[in-house]
Every structure is written in structure tokens, then in C-alpha cells.
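Survey of secondary and tertiary structure
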Amino acid sequence: MVRLITHNLLACHVKGCTTNNFPLQFQDVQIELQEAEFNPDFVRNLLPRLEWGALVDAAKQVGDTSLPPEQPEMTDDDVLQKLHHVLLEIHITEGAMVCSNCKHIYPISNGIPNMLLSEHEIG
Amino acid sequence: MSSKDVIRAAVLDDPQSHEDVHVHAIYDKIATHFSSTRYKPWPIVAQFLSGLPTGWIGLDSGTGNGKYLPLPYDRPGSVLTIGLDRSRNLLHIARTAGQNPSPTREVVWGDVLGNGWRSGAFDYAISIATIHHLASYERRQIAVERLLECVSPSHGRILIYVWAIEQDQLSKRNVPLDHEALSESTEPIVGQDVFVPWAMTPQNVKAKITSNSKLQAGSSDSSDGPETCPPPVYNRYYHMFAKGELTMLVRDAAKALKIEVGVPEEYTEPGTRGITVTQDGWERSNYYVELRCWEI
């Protein structure tokens, strides 16, 4: 599945595409909400490794504006709950992710993103 | 010859096409049957995943049916492992890996030689029984480089498992060893390219044929039934690793990325990146190596 936690890790890897290749932009996406068990420690501990701006942007692209533009210093339960929802409960089932730099399209179908490249695109 | 025997092979075509025919196409065909035989986590892999701090995110490069994605069983949901595989049919199975009802797993369709992650994004990476499917030393080295690149340079942990020439006595496989080559010398360390047959069980074949004949209504002929049809055998390509070969591969990959192999105490220059080999062993017909990244 593509959830926003995964999207926050993916980058374009077409040969020569090394700048502005993260984050990928969502295009024509269909989403599905699935409740997931809330583990506050998990969310709190992974926080330092997120690219906050990319996450806020991606959330907006799938219709969620609950996150503040700047990473909050205080991680109370309310913030962790919101993060939990954004990172783990929104599933992108169909659509695509597009590289802002080289415009390569990574399709998403049946919840599975296709990160394969054709031979001439491999770096 | 029994279908459990391993056949010697040579990579004659280019490695990419060789893998397409002798690895990727086969896993897509045997996905369901293969998955039904692969459900038990190997203890060292389970132990590795149990030892990870809560909140860590990892990559399972070559996840297959995703059997490691639900781990650790004693702390479910404490870490998140994302599964990457070349076989879309296996990924469909991996998506719901685990005991029912199972939360949806994160899976990505991709190649282990690809680099579709922001650098150092993961806290850990595992590659279990995957790198031995790559058909040249260079490609196997790139696969290890990709693992080193995708984990945090300061605290990343990596576990790699590959198939060994040295087989367990209890192993079901019968390997034709080139004893002369093995005993001659330890340098250079060279593994062996083989085909490992995957025989579909008659039951599995029957199910497939029945469903096919339903599609072609009226074409079924009882005399040509599934019972008379021998189950198909698919020869999967493997590179069986020789003793020391996996360690050498890791050292070469580290060298290519200017990563030192050793303990941080041995280095003084700030900005030095390194890995410590914390485990290096053989278990149940496989070689494995565990690495920890450090930065000073």
C-alpha cells in the first residue's frame, strides 16, 4: 500500500535525476481510510526522521489539512493522534506519483506503487 | 534425478535477461504455491527484528510473500517494515501477510538494484534470500550498496542472508559440488551458479488446469485430464555463495561507497562513515551477515 509514511521515504531514481527528486507529487489519486491501532511511542519515535514539509504537502494533496505547517515542538497526544491518522490510516489505492524534476510517472494500482524503471532509465 | 537436485548453470546471456527469465518470470508463476511453503521466520531474522527500537522504519528488500513484515510478534506495530519485491504476484500476497485479521502491509513493486528512496531514510534494512538471485558479482555488489545507501549512516542496521554452497546435512537439496575447485585454494572466493527446480505439486497444477478449463468451456477432454499431466518444473537461478564470499561482497560494496569496515574507535577523522560487522555466520545452508553503521 502507499501510505504517507511510505511516500515520505520514496524518491525518484531515474538516471541523472538527483535534485528536486523528493517528494513525489500525487496525481489523480483515489484514497481509502482504514483504521489502524494507535501506538503513541511508535509515532513519537519516528517523528525526528520525517521530512515534515513533504508530509504536510502530501497530506494536503490527499485532502487532509490537520497538520501544522511547522513541526510542533510539543508532541502531546493530540498531535500524535493526528500524525498517526495522516501517516498510517490514509491509503492511496489508485493514481500515480510524479517527479517534480524529471516528470517521471510512478503508477499506483491496487495499492501497489510501481517503482520499476525501464533499462535506459536506470542509473 | 530427483526434482530436489540442483543443476549446475552458467549465465550465458546478459545478467538482466537471465534474471528476467530464470527468476522474475518464475516467481510470478509459482507465487501462490511458493508462498504456501514459506511461512516460518528464520530465527536469526526474527531476533534481529525483535532487537529494534520502537519507531524504527525498515526495508525488506526482496520481501517475497512478506513473511517478515508482521514481525516482531512480541511487539507488533512497534516498527514498520516496508516490503520491496520484483514479483507483483508475490506482493499481492505480501500485502496481507500475517495472522488474520492482518493490517495492510506496505509493499512496493521494484528492483533491489533500484534506488527509489531518499538517501539514509531507513533505520534498518533486511535482504533475506534475495541477493543470490542476481546473476553477476557486480550486480550482487550493487544490491549491497543499495542497502548501505538506504539506511541511516549514523545508526542503520542491515541483515543479509544468502544461500551457501555448504549445505546443511538435513537440507533437502542435493548439490553437485566441484570438490576440486573448492579444495584447491581459498583465493579467489567463487560461488557456484545453479538452477534449483521448483516442482508444482500435482494438487496445485490440478487446481490451475481446472480453472483454465472452466474458462475454455466445452474444450475439456476427460482422457487428457490433469492426472496424466506431469507437474511443471521451473528452474530458478541461484548463485550459491562460497565461504567468505558474502563478507567480500560487503567489503567491496563499502569500499565503492567510501565506507570503512571496522569499529569507530579505530578512526579519528571527523566525517568518517563506517560499518561494523556484528555477526558473520552460516546457518541452515545460508550465510548471513549483520552490519551496523556509524559516523564520527
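Residues numbered from 1 in each chain as written. Chains lettered and ligands numbered in written order. Predicted model: local features only at pLDDT ≥ 70, side-chain atom pairs only at ≥ 80, totals over all residues. Heavy atoms only, no water.

Moving on, we get to the overall build of chain A. Counting secondary structure elements, chain A contains four helices and five strands. Helices (α) and strands (β) of chain A occur, in sequence order from the N terminus, as β-α-β-α-α-α-β-β-β. Against the globule reference of 14 Å for 123 residues, chain A gives a C-alpha radius of gyration of 15 Å, in line with a compact fold. The dimensions of chain A, computed from C-alpha atoms along their principal axes, are 50 × 30 × 20 Å. Every one of the 123 residues in chain A was classed for burial, and the buried ones make up 49%. Long-range contacts, defined here as pairs at least 24 residues apart, represent 71% of the contacts in chain A between residues at least 6 apart. In chain A, the 7 positive side-chain charges and the 17 negative ones have mean positions that sit 6 Å from each other. (Helix = DSSP H or I, 4+ residues; strand = E, 2+ residues; numbered from the N terminus. Rg over C-alpha atoms; globule rule 2.2 N^0.38 Å. Buried < 20%, exposed > 50% of the residue type's maximum accessible area, 1.4 Å probe, protein only. Contact = heavy atoms within 4.5 Å. Lys, Arg positive; Asp, Glu negative; His and termini not counted. Charge placed at Lys NZ, Arg CZ, Asp CG, Glu CD.)

A few words on the overall build of chain B. When you go through chain B residue by residue, the secondary structure sums to seven helices and eleven strands. For chain B, the residues scored as buried account for 51% of the 296 residues in total. For chain B, the accessible area works out to roughly 13,900 Å², and carbon and sulfur atoms hold 53% of it. (Areas by Shrake-Rupley, 256 points an atom, 1.4 Å probe, with all protein chains shown as cover.)

Turning to helix 1 (residues 15-36) of chain B, a few remarks are in order. The largest bend along helix 1 of chain B measures about 75 degrees and falls at Ile30(B). Turning to helix 1 of chain B, its buried residues number three or more, namely Gln16(B), His18(B), Glu19(B), Val23(B), His24(B), Ile26(B), Tyr27(B), Ile30(B), Ala31(B), His33(B), Phe34(B) and Ser35(B). (Bend = angle between axes of the 7 residues up to and from the residue.)

For the bond from Phe22(A) to Pro23(A), the omega torsion is -10 degrees, close enough to zero to count as cis. Relative to the elements of secondary structure, Pro23(A) occurs in the loop between helix 1 (4-7) and strand 2 (25-33). A cis amide bond links Leu71(B) with the next residue in sequence, Pro72(B), at an omega value of 0 degrees. Assignment of secondary structure puts Pro72(B) in the loop between strand 2 (57-61) and strand 3 (80-85). At Lys103(A), a residue that is not glycine, the phi angle is positive and equals roughly 65 degrees. Despite not being glycine, Lys258(B) has its phi angle at roughly 55 degrees, a positive value. Assignment of secondary structure puts Lys258(B) in the loop between helix 7 (245-256) and strand 9 (260-261). For Lys258(B), a relative accessible area of 72% puts it in the exposed group.

As a further point, take the nonpolar core. Ranked by internal contacts, the top residues of the largest apolar core, which has 72 residues, are Leu83(A), Trp117(B), Ile131(B) and Ile160(B). No other element matches helix 4 (residues 77-88) of chain A, which puts six residues into this core. If we ignore the near neighbours within four places in the chain, the residues touching Ile160(B) are Ser127(B), Ile131(B), Val144(B), Leu147(B), Leu246(B), Val250(B), Tyr287(B), Tyr288(B) and Val289(B). Ranked by size, the runner-up nonpolar core spans 23 residues in total, among them Val6(B), Ala9(B), Ile165(B) and Tyr238(B). (Core = buried A, V, L, I, M, F, W, Y, C linked by side-chain atoms within 4.5 Å.)

Okay, the sheet that holds strand 10 (residues 273-283) of chain B next. Residue and element names in this part refer to chain B. Spatially, eight strands are ordered 4-3-2-5-6-11-10-9 in an open sheet, and the strand pairing comes out mixed. Across the chains shown, the open sheet's two edge strands, defined by having one partner strand only, are strand 4 (107-109) and strand 9. Pairing analysis gives three bridges linking strand 2 to strand 5 (residues 124-128), with the strands arranged parallel. Note that in strand 5 the partner of Gly58 across the bridge is Tyr124. Sheet strands in contact with helix 4 (residues 137-150) are strand 2, strand 5, strand 6 (157-163), strand 10 and strand 11 (286-295), and its direction is about 160 degrees off that of strand 6. (Pairing = 2+ DSSP bridges. Axes fitted to C-alpha atoms, helices over the stretch in contact; angles between N-to-C directions.)

To continue, consider the interface of chain A and chain B. The partner chain B presents 33 residues to the 31 residues of chain A that form the contact. Contact with chain B buries area across many residues of chain A, yet Leu9(A), Arg49(A) and Ile112(A) alone supply 27% of it, more than any other trio. One can count three salt bridges joining chain A with chain B. Of the charged contacts in the structure, one is a salt bridge between Arg49(A) and Asp123(B), with a shortest N-O distance of 2.7 Å. For the pair chain A and chain B, the number of links is 17 residue pairs in polar contact (both at pLDDT 80 or more). Listing elements by their share of the side of chain A that touches chain B, those giving two or more residues are strand 1 (2-3), helix 1, helix 2 (40-46) and strand 5 (112-113) of chain A. If one sorts the elements of the side of chain A that touches chain B by residue count, helix 2 of chain A sits on top with four residues. Among the residues making up the side of chain A that touches chain B, the classes are represented as 14 nonpolar, twelve polar and five charged. (Buried area = accessible area lost by both parts, 1.4 Å probe. Salt bridge = Lys/Arg side-chain N within 4 Å of Asp/Glu carboxyl O. Polar contact = N/O pair within 3.5 Å; in protein donor to acceptor, adjacent residues only side chain to side chain. Nonpolar A, V, L, I, M, F, W, Y, C, P; charged D, E, K, R; others polar.)

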